[in-house]
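# Commentary on secondary and tertiary structure
Here's the letter readout for the chains.
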Amino acid sequence: MDAIVTGPHIICYHCGEDCASEKIMADNKHFCCEGCRMVFRLLNQNGLCEYYELNHQPGANQRLQARKDKFAFLDDAKIHQQLISYEDEKQTHVTFYLPQIHCSSCLYLLEHLHKINDGIISSRVNFTRREVSLVFDPRLTSLRDAAELLNNIGYEPYISLQDLQHQPPRIKKRLIYQLGVAGFCFGNIMLMSFPEYLGLESADMKLQNMFRVLNVILALPVFFFSAQPFFAAAWHGLKNRFLNIDAPIALAILVTFGRSMYEVITGTGAGYFDSMSGIVFFMLVGRVLQDKTYQQLSFDRDYTSYFPIAITVIKDGNHIPTALPDIKPGDTLLIHSQELIPADGILTKGMAAVDYSFVTGESVPVQKEMGELLYAGGKQTGNAIELLVIKEVAQGYLTKLWLRDEFKKSPVEKNVSFVHLLSRWFTVILFSIATVAAVYWSFTDSSKTWQVVTAVLIVACPCALLLSNSFTNGNVLRILGRNRFYLRGAQAIEDIANSNSIVFDKTGTLTSTREQEVAYEGRALSLEIQQSVTALASQSNHPLSKAIAQYFNARSNARVEGFREVAGRGTEGYVMGNMITLGSSQHVTGNPDKENTGTSVFLAIDGECVGFFRVKNRYRDCVPQLVSELGKHNKLSVLSGDNSAERSYLQQLMGEEALLLFRQRPEDKLQFIQQLQQRGQTVMMIGDGLNDAGALRQSNVGIAITEDTNNFTPASDAILEAAQLPKLPLFIRLCRANKRIVIASFVLSILYNIVGIGFAVQGMLSPLIAAILMPASSLSIVLLTFGCSNVLARRWKL
């Protein structure tokens, strides 16, 4: 394939972007830039071009960085030691997060890095977490070399300050070991208990006793190791004077183990070690499934997630990579395009166009000139600038915003799960029945007392309730995760189901951060003028200029002469013999902008104003249908850091009953959530930026919206991919249905317990039969609840 042509455009063989020129070629293939051609040549030289055969244009998600010193900070021994997981003389282990991973071609290329660099010993990709684990020889390559290799082939590692301070969430290895031990012992105990199940009396008593002793040996690690989470949880609840659902489970395990040991020691039976190990095994399976579902994402994030590890400091004309904690007032920082400003400072060189949308919610970049103050947390969108630091990173605006008292305090007390409320009464009633039965039989027939108490505790074990709750919640978490809606845990399902008031952030939530709507009002423009305006707008890196450059869809190679850009005002230049001016009303017409008219860019030709471009946020296509469905059962509100220029349009979109508030600071949003809660409302907050962090934390359930679930989002109870926002009403319906399913399973469990306990207290149910009925009933209820959630998901096409 020599070139990819779509209409009049030539498409890059590597990434699929439009090729502005036909001159960048290699092996008769066209490329949009030198970076893409370099990657192709690198792969071609090492025999890795199968990368292009596995998927069409596999480099589509990759953007190359041209800076050679970007990873110079990795040469710092202190940073090096904090990032690596293992090192000796022959090998070093490190894991990098690569947000660009998206297809099988990525897996193929990243797992063949050893063919490109001899210093790479092995590379293993975790596709779900978008991570690559490298093992390299420090004698042949360095940590910086490894990072630059990944960057050169289009997979720039994302390394943040948080990587030096926190480890990514993982399932506890101890829990996995406990599950493995319980499963191994459970299977072998059942295998050696078959003669007992079938009622076969062994002629060789020594053989029978040997099987029973082996069962005891296998049961010991289950009781003393695998069952510890339930004993610990039950003891924790008792210390806090709260009977949780683990208390009766722990008691059932204890009683079953004790009764079984008594029977084996006295030679009166084989005991019920299979039931005990089965209880522990299935309970642990439920816990691991839930942990596995949401361990892939980090829901607890602070400001360090957004900061890079190091920044370039200019000293005596030299560019020195410096770790952020080492930056001091008086240092001069070099901030490149698309880099975060890590500390408050004064602009000393260049013109800044700072995007503060993630901090303030204001969607339009702020123009700053030399001598003006820049706050930490903004992202420079123009050319490189220099900044004189006046406050340390820990004292900057972004850090202080995160560490404010109202942002640090604990969120509102979440409602205790209805499962624990039910289990409290269940436990009290169960203990009461067991006590009454023990007292009754101690006077009637003391030989049956122990059998009756044991049977009651085993048959009434709340395993059915806990298993159905754990497996159903785990399945719902899996279904939601499959649809790119990730919840912190099972409690978030209940919180979503109970919500009755939904609060939206506007910028980045209802609107798309990747698109803007541009409308031209004024005198009709000829094709020549359209091309001239496009050519002029293309010279500027300002976001508004970029939007206007794409508006006419008129590609232009016209030359711009005398180009001049005035920061915060506009641009001008001669194109095709005409003086074209784009900018604010003050710059173009001499008159100040009217208030609340939104964002407007005026156009003048040869000094005469002929019209203006109105640029506004582009609302997601799903918003009308979304608010229509959510508004049926919830009160809707919108909080925005933007001005109120779009109030009338947004009011029409959200409905007359929706409350709209503009120019909201982070603390204003938090206070609004508190006011709703004081009125007795259960609040769901949906936002995307750091300015929403306090409100997300204060709300009963906070949902962070992101264009990519692997991007960094504020601390939240859930993370929702923006493309899945239209399905939010269905997600809420599934969470509410989940609660009804669990309650129905509990009712079935109660009916079963009433029947079982009725026979047990009369002494008509042996512990052996109870031990068989308990797992059978639990398994049937689990299958029923698990099936119901799957049926609903299929019906709603989730």
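Let me begin by describing the structure that accompanies this report. Note that the structure is predicted; figures quoted are calculated from it, not measured. (Residues numbered from 1 in each chain as written. Predicted model: local features only at pLDDT ≥ 70, side-chain atom pairs only at ≥ 80, totals over all residues. Heavy atoms only, no water.)

Counting secondary structure elements, the protein contains 28 helices and 30 strands. With an accessible surface of roughly 36600 Å², the protein has 54% of that area assigned to carbon and sulfur atoms. (Helix = DSSP H or I, 4+ residues; strand = E, 2+ residues; numbered from the N terminus. Areas by Shrake-Rupley, 256 points an atom, 1.4 Å probe, with all protein chains shown as cover.)

The next point concerns helix α20 (residues 527-537). For α20, the tally of buried residues reaches 8 of 11 residues, placing the bulk of the element in the interior. For α20, the set of buried residues is Ile-529, Gln-530, Ser-532, Val-533, Thr-534, Ala-535, Leu-536 and Ala-537. (Buried < 20%, exposed > 50% of the residue type's maximum accessible area, 1.4 Å probe, protein only.)

What follows is about helix α25 (residues 666-678). With 13 residues, α25 ought to run about 18 Å at 1.5 Å a step, and its terminal C-alpha atoms sit 19 Å apart, in line with that. Within α25, 10 of the 13 residues are buried, which leaves it mostly tucked inside the rest of the structure. Restricting attention to buried positions, one finds in α25 the residues Pro-666, Glu-667, Asp-668, Lys-669, Leu-670, Phe-672, Ile-673, Gln-674, Leu-676 and Gln-677. Note on α25: the residue one or two positions beyond its end, Gly-680, has a positive phi of about 90°. (Expected span 1.5 Å × (residues − 1).)

With that out of the way, let us pick up the pairing of strand β12 (residues 345-349). Moving residue by residue along a regular strand, the side chains alternate between the two faces of the sheet. Sheet topology places β12 next to strand β15 (residues 373-374); 2 bridges connect them, and they run antiparallel. Across the sheet, Gly-345 pairs through a bridge with Leu-374, a residue of β15. The sheet contact formed by β12 and strand β17 (residues 385-389) spans 4 bridges and is antiparallel. Among the inter-strand pairings, Ile-346 is bridged to a residue of β17, identified as Leu-388. (Pairing = 2+ DSSP bridges.)

As summarised here, the arrangement of the 6 strands in space is β10-β9-β11-β17-β12-β15, forming an open sheet in which the pairing is antiparallel. Looking at strand neighbours, the two that pair on one side only are β10 (318-323) and β15, the edges of this open sheet.

Turning our eyes to something else, we now look at the pattern of salt bridges. Scanning the model with the defined rule gives 11 salt bridges in all. In this structure, Arg-139 and Asp-137 form a salt bridge, with 3.0 Å as the shortest nitrogen-oxygen distance. Assessed through its relative accessible area of 58%, Arg-139 is described here as exposed. For Asp-137, a relative accessible area of 10% gives the class buried. Between Lys-349 and Glu-386 there is a salt bridge, with the nearest N and O atoms lying 3.9 Å from each other. On the criterion of sequence distance, the pair formed by Lys-349 in strand β12 and Glu-386 in strand β17 is long-range, its members being 37 residues apart. Here the salt bridges share partners, and the residues they tie into one network are Asp-75, Arg-144 and Glu-148. (Salt bridge = Lys/Arg side-chain N within 4 Å of Asp/Glu carboxyl O.)

The subject of this paragraph is the packing of aromatic side chains. Within the structure shown, the criterion is met by 13 aromatic pairs. Seen in terms of ring centroids, Phe-257 and Phe-273 are 6.1 Å apart; in terms of plane orientation they differ by 65°. Their pairing is edge-to-face. Of this pair, Phe-257 sits in helix α10 (residues 246-266) while Phe-273 sits in helix α11 (residues 273-294), and the two are 16 residues apart along the sequence. Like Phe-273, Phe-257 is buried. Members of the aromatic cluster, each reached through a chain of ring pairs, are Phe-223, Phe-224, Phe-231, Phe-257 and Phe-273. (Phe/Tyr/Trp six-rings, centres within 6.5 Å; stacked < 30°, edge-to-face > 60°.)

What follows covers the nonpolar core. Membership of the largest hydrophobic core comes to 47 residues, with the highest contact counts inside it found for Phe-485, Leu-487, Phe-504, Leu-650, Met-654 and Leu-728. Sorting elements by how many residues they give to this core places helix α27 (residues 728-761) first, with 7 residues. When near neighbours in sequence (up to four residues on either side) are disregarded, Met-654 contacts Phe-504, Leu-510, Val-627, Leu-636, Val-638 and Leu-660. Residues Phe-96, Tyr-108, Val-132 and Tyr-155 belong to the second largest nonpolar core, which totals 34 residues. (Core = buried A, V, L, I, M, F, W, Y, C linked by side-chain atoms within 4.5 Å. Contact = heavy atoms within 4.5 Å.)

For the pair helix α8 (residues 205-226) and helix α9 (residues 228-239), the least separation of the axes is 6 Å and the interaxial angle reads 40°. Counted together, Phe-223, Phe-224, Phe-225 and Ser-226 of α8 and Gln-228, Pro-229, Phe-230 and Phe-231 of α9 form the full contact between these two elements. Looking at the contact of α8 with α9, its residues break down into 6 nonpolar, 2 polar and no charged. (Axes fitted to C-alpha atoms, helices over the stretch in contact; angles between N-to-C directions. Nonpolar A, V, L, I, M, F, W, Y, C, P; charged D, E, K, R; others polar.)

Take a nonpolar patch on the surface next. On the surface, Ile-743, Val-747, Leu-748, Leu-751, Ile-754 and Leu-784 cluster together to form a nonpolar patch covering roughly 520 Å² of accessible area. Relative to the assigned elements, Leu-784 resides in helix α28 (residues 767-795). (Patch = residues over 30% accessible without salt bridge, like charges linked within 9 Å, V, L, I, M, F, W, Y side chains within 5 Å.)

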